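Reading the structure
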Amino acid sequence: MWRLLVVCLLLGTLEAVDRQNFKTCDQSSFCKRHRAVTSPTGYEVVQDSIKINDTGLHALIKNKDTTLKLTIVTLQDSTVRVLIDENEGALRKRYQPLEALVEREPKQQKVKKTKEEASVTKILTTDGNRVVLQHKPFRVDFYVKDKIVSSINAKETLHFEAFKKKVLLTDREKGFWEETWKDIKDTKPHGSSSVGVDIAFVGAKHVFGIPEHAESYSLRDTKAYEPYRLYNLDVFEYETNSPMALYGSIPYLVGVHQKRSVGALWLNAAETWVDIDPTTADKGGLTKEVLDAETKPRQVPQHNARFYSESGLIDVFITLGPQPNDIFRQLAALTGVTPLPPAFALGYHQSRWNYKDQKDVKEVHEGFVKNDIPLDVLWLDIEHTDKKAYFTFDKDNFAKPEEMIKDLSEQNRKLVTIVDPHIKKDSKYYIYKEAKKLKYLVKDAKDAIYEGNCWPGDSTYIDFLNPKARKWWSDQFAFDKYKGTSKDVHIWNDMNEPSVFNGPEITMHKDAKHHDGFEHRDVHNVYGFHQHSSTFEGLKARSNNEVRPFVLSRSFFTGSQRTAAVWTGDNKADWAHLKQSIPMLLSLSTAGLPFVGADVGGFFGNPDEELLVRWYQAGAFQPFFRGHSHQDTKRREPWLFAANTTDAIRNAIKTRYAFIPYWYTLFYEHAKTGKPVMRPFWMEFIEDEPSWDEDRQWMVGNGLLVKPVLEEKAKELSIYLPGKRQVWYDWETHKARPSPGAVQIPAELNTIGLYHRGGTIIPKLSEVKLTTKENHEQPITLYIAVNQKGDFANGTIYLDDGESYSYEKGDYAYWGFTFKREHDYLHTITNKNLDKNGKFDSDVYIDKIVIRGAKFYPRNAHIFLDDFSPEDLDFEFNRENFVMEIANPGAFVTREFRIDLHS
Ligand SMILES: *[C@@H]1O[C@H](CO)[C@@H](O)[C@H](O)[C@H]1NC(C)=O
Ligand SMILES: *[C@@H]1O[C@H](CO)[C@@H](O)[C@H](O)[C@H]1NC(C)=O
Ligand SMILES: *[C@@H]1O[C@H](CO)[C@@H](O)[C@H](O)[C@H]1NC(C)=O
């Protein structure tokens, strides 16, 4: 948002977000109307309206004004869907963002038993859960093993504005038929159609999710504050610790409990606000239900979340867990996973707005070679285009894109170019001409082509809600259309909230029109999702489905993980934003979107060298790792600083590369289980309640704890070691520590707090080359962290060609490693093929094994390979810190071996 920047600069400061540009709940008429609902809205089930079928039930519910249609369906894997729509005869169809789901109709599950009583109807599910529909007042309760875990409408706030014929305006209906904000009128030709209800999370100590906000990880009480807002917006230099809407929205939250965690997905793409009310079961209105099962409702924590959406319907998926792994699997079944990314995408990405020309590009990526710093991807922002016409290259500065790309390819590197959804209004621009001719552009309220201002000046916007427009968009990435590109060019979709500089709140007018008669207000939050999804399809198709695409998007919705990585947008080079990035990324990971990162160094402003180093250290352990900066900032390629700074940055990036075999394995496992790669503590240590809301530290997979230095001029770094009766090892010194506990380590320039969890095995590259491609077959070191009992550790590794889809046909290897105490005098290390369908025979071998916590005194070690004649192995054993190191065991990762350690 450069125009605002100019204004700020004129004022002599580079201050934070201009709040005036964005609405508060009070300034949004539907939010205000919903928040004003404080007494029961009086809905009840209409007598004799309940119809039960194999998978659920239908009923009518009504209050004095409105009759609604209720559907409850039980889905596979402890998931229940509750839909509330207008009754037959509605004036308009309501929009449902069904493309966000993996399957438009998630698989239903037959109910085991239903029971109709005078005041309640009960459904017993095949998975042993219970759904209870209370008739008067209307309420739906969810039970897991006889304990109530969630409830819809327990606070009786259900408020549903049915479409109606326009009548005389009354005061009460202010904002109902039109709304003006900052001189921009929303004409609301169909009036208001908002929906809202409360969802209780009974027993939940914390609720997490509903990204994207620059807030703490644990959602806070909004009673005396603004609700969290979900409305995809281009926010210039956003503030930290604020519930303001940002670039993307995932209307999903999870209530965490030791034994019974519950998730709720609110499938609605309109502007949505969420109020959070931490309470207890008695005050939360569920005294009786909790009494049945537990003892003192007064002591049962509860969180009530109230969702209000401007249009659409109430479509809630409750996932009943009960354990963290179940929660992630259930969400993944609904909204999908990130398919295995190409390996290069896990490397380091260098971006800037903008690398000026081809010479600049060449100097930068050669600079990485000269300075011995790994790099996989060079990025080009908007200035690389021919006057902001995407799919083109600037005729002077990027006159020979083929040459530039070939040069990168030869060094095993990739290029990412930016392609935004706003289309330059220029009758000579082929994309504009075609889109206009084919009627693929969004229309305004008066049915003319919608025009807004964005980077190119006058712009139009592709209507990604139209499936034909999406297909056409995908086709534009074909090599013969997007001239100059090759399979080594991947795509960045920015500004896709969409950003409209002269629109209300810097986005599209809500009365703009999309495909199939829907208004922009109905589909706003899913607009960017459709852009990046069709970009992804296009990249796949251009290579005949052979090469895995990489797409980065700023805007997102639930389901975005299937086709995009996202980053946290235009952050700022200060310590607060560095800290803020962690809860933001944890929140995205919790909501099912694992491939996430923040601009390293901060987009706006100039980080000092210390901040830059610390940011690289944090970013090296976050899923998407990119340095990026605004055009007004000083250049910050890693070698432009004092030698100690450059060294520390090199160190951080090399450390990242060394762990890529582990990251790649985690992404593979994510695709199978839905578990994120960057994990909040509650997911791994549900037994350690005080650690659940931790948002300065995180886990990479289940084995690696990360705590970067986040304080300026820190002398010490204190690290919390979560879990009960676990052992943790300092990654560098191998020193063992029990948990729960805390440790302090000196915060030196190269310090990154890294702890290896006892009981796990992590594969790491022994030496790092400058690209993931060159590292692909490099030998690995196996780090074994023995558990607290001293008898076990295990871990996995996944390998394939790193770029194609041939893994889908069996060209992969998924192997496990186990360390085990067989008896007093024998410990073994073995590997095993965990998936016999995987046929990939890799040459990757293990050139070193490090055993931490080896509480035995090894006398000799030998290895059995195929032929079962053992060979002696050389090793060293350190009696002080119990570390055993075996050099050159001669073992291949994907060929069976057994190592015996005799003591
Ligand atoms: C039961 O109702 C649900 C929800 O309307 C519907 O999707 C499903 O097909 C119905 N099942 C049967 C067996 O008719
Ligand atoms: C690098 O070394 C110089 C000189 O000792 C020191 O002043 C500076 O703070 C160091 N840089 C960082 C980022 O610590
Ligand atoms: C590793 O060991 C744990 C604990 O016994 C087990 O639950 C897990 O399935 C094992 N992992 C693999 C990949 O075998």
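Residues numbered from 1 in each chain as written. Chains lettered and ligands numbered in written order. Predicted model: local features only at pLDDT ≥ 70, side-chain atom pairs only at ≥ 80, totals over all residues. Heavy atoms only, no water.

1. Section: the overall build of the protein
When helices and strands are counted, the protein shows 16 helices and 49 strands. Against the globule reference of 29 Å for 903 residues, the protein gives a C-alpha radius of gyration of 28 Å, in line with a compact fold. Its C-alpha atoms give the protein principal-axis dimensions of about 90 × 75 × 50 Å. Counting all 903 residues of the protein, 64% fall into the buried class. (Helix = DSSP H or I, 4+ residues; strand = E, 2+ residues; numbered from the N terminus. Rg over C-alpha atoms; globule rule 2.2 N^0.38 Å. Buried < 20%, exposed > 50% of the residue type's maximum accessible area, 1.4 Å probe, protein only.)

2. A short note on the pattern of salt bridges
This structure, assessed with the given rule, holds 68 salt bridges. With its nearest N and O atoms 2.8 Å apart, the salt bridge here joins Asp275 to Arg35. With Asp275 in strand E19 (residues 272–280) and Arg35 in helix H2 (residues 29–35), the pair connects residues that are 240 residues apart, well separated along the chain. Arg35 sits in the partly exposed class, given a relative accessible area of 25%. Across the pair Asp65 and Lys64 runs a salt bridge whose closest N-O atoms are separated by 3.7 Å. Each member of the pair, Asp65 as well as Lys64, is classed as exposed. When salt bridges with common partners are traced through the structure, they connect Asp186, Arg229, Glu271, Glu310, Glu505, Lys510, Glu519 and Arg521 into a single cluster. (Salt bridge = Lys/Arg side-chain N within 4 Å of Asp/Glu carboxyl O.)

3. A word on unusual backbone geometry
Following Glu497, the chain continues to Pro498 via a peptide bond in cis, the omega torsion being 0°. Here Pro498 lies in the loop between strand E28 (489–493) and helix H9 (520–523). Each neighbour pair has its own omega, and for Ser739 with Pro740 the value is 0°, a cis peptide bond. Checked against the element boundaries, Pro740 lands in strand E37 (residues 736–746). Unlike most non-glycine residues, Phe882 shows phi in positive territory, near 60°. Assignment of secondary structure puts Phe882 in the loop between strand E47 (875–878) and strand E48 (883–892).

4. Points about the site of ligand 2
Looking at ligand 2, the residues that line it are Glu610, Asn644, Thr645 and Leu749. Contact with the protein chains covers 39% of the free accessible surface of ligand 2, which is 360 Å². Of the residues assigned to the shell around ligand 2, the class counts are one nonpolar, two polar and one charged. (Near = heavy atom within 4 Å. Areas by Shrake-Rupley, 256 points an atom, 1.4 Å probe, with all protein chains shown as cover. Nonpolar A, V, L, I, M, F, W, Y, C, P; charged D, E, K, R; others polar.)

5. Side note on the pairing of strand E45 (residues 860–864)
Along E45, four of the five residues are buried, which leaves the element largely enclosed by surrounding structure. For E45 and strand E49 (residues 898–902), the ladder comprises five bridges, and the chain directions are antiparallel. In the sheet register, Phe864 faces E49, and the bridge partner there is Arg898. As paired elements, E45 and strand E46 (residues 871–872) share two bridges and run antiparallel to each other. The residue of E46 that forms the bridge with His862 is Asp872. (Pairing = 2+ DSSP bridges.)

6. Considering the site of ligand 1
By nearness alone, every residue bordering ligand 1 is listed as Asn53, Asp54, Thr55, His58, Thr71, Val73 and Gln108. A distance of 2.9 Å is found between an oxygen atom of ligand 1 and a side-chain nitrogen or oxygen belonging to Gln108. Contact with the protein chains hides 54% of the accessible area of ligand 1, taken as 360 Å² for the molecule alone. (Polar contact = N/O pair within 3.5 Å; in protein donor to acceptor, adjacent residues only side chain to side chain.)

7. A short note on the sheet that holds strand E34 (residues 698–700)
Strand order across the open sheet formed by six strands is E33-E34-E35-E38-E36-E37, with antiparallel pairing between neighbours. Each having just a single partner strand, strand E33 (678–679) and E37 make up the two edges of the open sheet. In this sheet, strand E35 (residues 704–707) lies alongside E34 in antiparallel orientation, the contact comprising three bridges. Across the sheet, the residue bridging to Trp698 is Val706, located in E35.

8. Comments concerning the domain arrangement of the protein
Examined at the domain level, the protein breaks down into domain 1 (26–169 + 188–335) and domain 2 (419–567). A separation of 31 Å is found between the C-alpha centroids of domain 1 and domain 2. At the interface, 33 residues of domain 1 touch 33 residues of domain 2. For the pairing of domain 1 and domain 2, the buried interface totals around 2900 Å² over both sides, and the portion due to carbon and sulfur atoms is 51%. Between the two partners, domain 1 and domain 2, sit seven salt bridges. Residue Arg229 is joined to Glu505 by a salt bridge in which the shortest nitrogen-to-oxygen separation is 2.7 Å. Summed over the shared surface of domain 1 and domain 2, the number is 22 residue pairs in polar contact (both at pLDDT 80 or more). (Domains from an automatic or database assignment. Contact = heavy atoms within 4.5 Å. Buried area = accessible area lost by both parts, 1.4 Å probe.)

9. As for the packing of helix H8 (residues 467–475) against helix H10 (residues 527–542)
At a minimum axis separation of 7 Å, H8 and H10 run at an interaxial angle of 45°. Judged by the inter-axis angle, H8 sits oblique to H10. Between H8 and H10 lies a crossing whose hand is right-handed. Counted together, Arg470, Trp473 and Ser474 of H8 and His530, Gln531, Ser534, Thr535, Glu537 and Gly538 of H10 form the full contact between these two elements. Grouping the constituent residues of the contact of H8 with H10 by class yields one nonpolar, six polar and two charged. (Axes fitted to C-alpha atoms, helices over the stretch in contact; angles between N-to-C directions. Parallel < 35°, antiparallel > 145°, perpendicular 65-115°, else oblique. Left-handed = near helix turned anticlockwise from the far one by under 90°.)

10. Here's the deal with the environment of Asp900
Within the secondary structure, Asp900 sits in strand E49. Assessed through its relative accessible area of 4%, Asp900 is described here as buried. With residues up to four places along the chain from it excluded, the contact list for Asp900 reads Leu826, His827, Thr828, Asn860, Ala861, His862 and Phe864. For Asp900, the side chain forms a polar contact with the side chain of Arg898, separated by 2.8 Å.

11. Overview of the sheet that holds strand E31 (residues 596–597)
Read from one edge to the other, the open sheet built from eight strands follows the order E31-E30-E29-E28-E24-E23-E22-E32, with strand pairing classed as parallel. Lying at the two open borders of the sheet, with one neighbouring strand each, are E31 and strand E32 (625–627). Note: strand E29 (residues 551–553) against strand E30 (residues 565–567), two bridges, orientation parallel. By the bridge assignment, Leu552 is partnered in E30 with Ala565.

12. What to know about the side chain of Ser311
Relative to the assigned elements, Ser311 resides in the loop between strand E20 (301–309) and strand E21 (314–319). A relative accessible area of 1% means that Ser311 is categorised as buried. Beyond its immediate sequence surroundings of up to four residues, Ser311 is in contact with Ser193, Ser194, Val195, Asn268, Ala270, Arg521 and Asp522.

13. Some points on the packing of helix H12 (residues 609–619) against helix H13 (residues 643–658)
Put simply, H12 and H13 touch, their axes get as near as 8 Å, and they point 5° apart. On the basis of the axis angle, H12 is roughly parallel to H13. Every residue of H13 that contacts H12 at Glu609, Leu612, Val613, Tyr616, Gln617 and Gly619 is listed here: Thr645, Ala648, Ile649, Ala652, Ile653 and Arg656. A breakdown of the residues in the contact of H12 with H13 according to their chemical character gives seven nonpolar, three polar and two charged.

14. Considering the packing of aromatic side chains
One pass over the structure, following the stated rule, counts 51 aromatic pairs. When the ring of Phe344 is compared with that of Phe550, the centres are 6.2 Å apart and the planes differ by 70°; the resulting orientation is edge-to-face. With Phe344 in the loop between helix H4 (324–335) and strand E22 (348–350) and Phe550 in the loop between H10 and E29, the pair connects residues that are 206 residues apart, well separated along the chain. Each member of the pair Phe344 and Phe550 is classed as buried. On the numbers, 5.9 Å between centres and 55° between planes, the contact of Tyr440 with Trp472 is tilted. A residue pair is termed long-range when its members are at least 10 positions apart, and Tyr440 in the loop between helix H7 (430–437) and strand E26 (452–454) and Trp472 in helix H8 qualify at 32 residues. For the pair Tyr440 and Trp472, one class covers both residues: buried. Chaining the aromatic ring pairs together yields one cluster made of Phe344, Trp379, Trp492, Phe550, Trp567, Phe595, Phe624 and Phe667. (Phe/Tyr/Trp six-rings, centres within 6.5 Å; stacked < 30°, edge-to-face > 60°.)

15. Structural notes on the environment of Leu313
Relative to the helices and strands, Leu313 resides in the loop between E20 and E21. Separated by 89 residues in the primary sequence, Leu313 and Glu402 have C-alpha atoms spaced 49 Å apart. Here Leu313 is in contact with Leu83, Ile84, Asp85, Arg94, Tyr95, Gln96, Val195, Leu267 and Asn268, once residues within four sequence places are set aside.

16. Overview of the UniProt feature "domain: Glycosyl hydrolase family 31 C-terminal" (unreviewed entry) in the protein
The residues that UniProt annotates with the feature "domain: Glycosyl hydrolase family 31 C-terminal" (unreviewed entry) are residues 674–762. Split by type, residues 674–762 is 4% helix and 48% strand. Its first and last C-alpha atoms lie 20 Å apart. (UniProt positions renumbered as here; feature names shortened; annotations may be inferred.)

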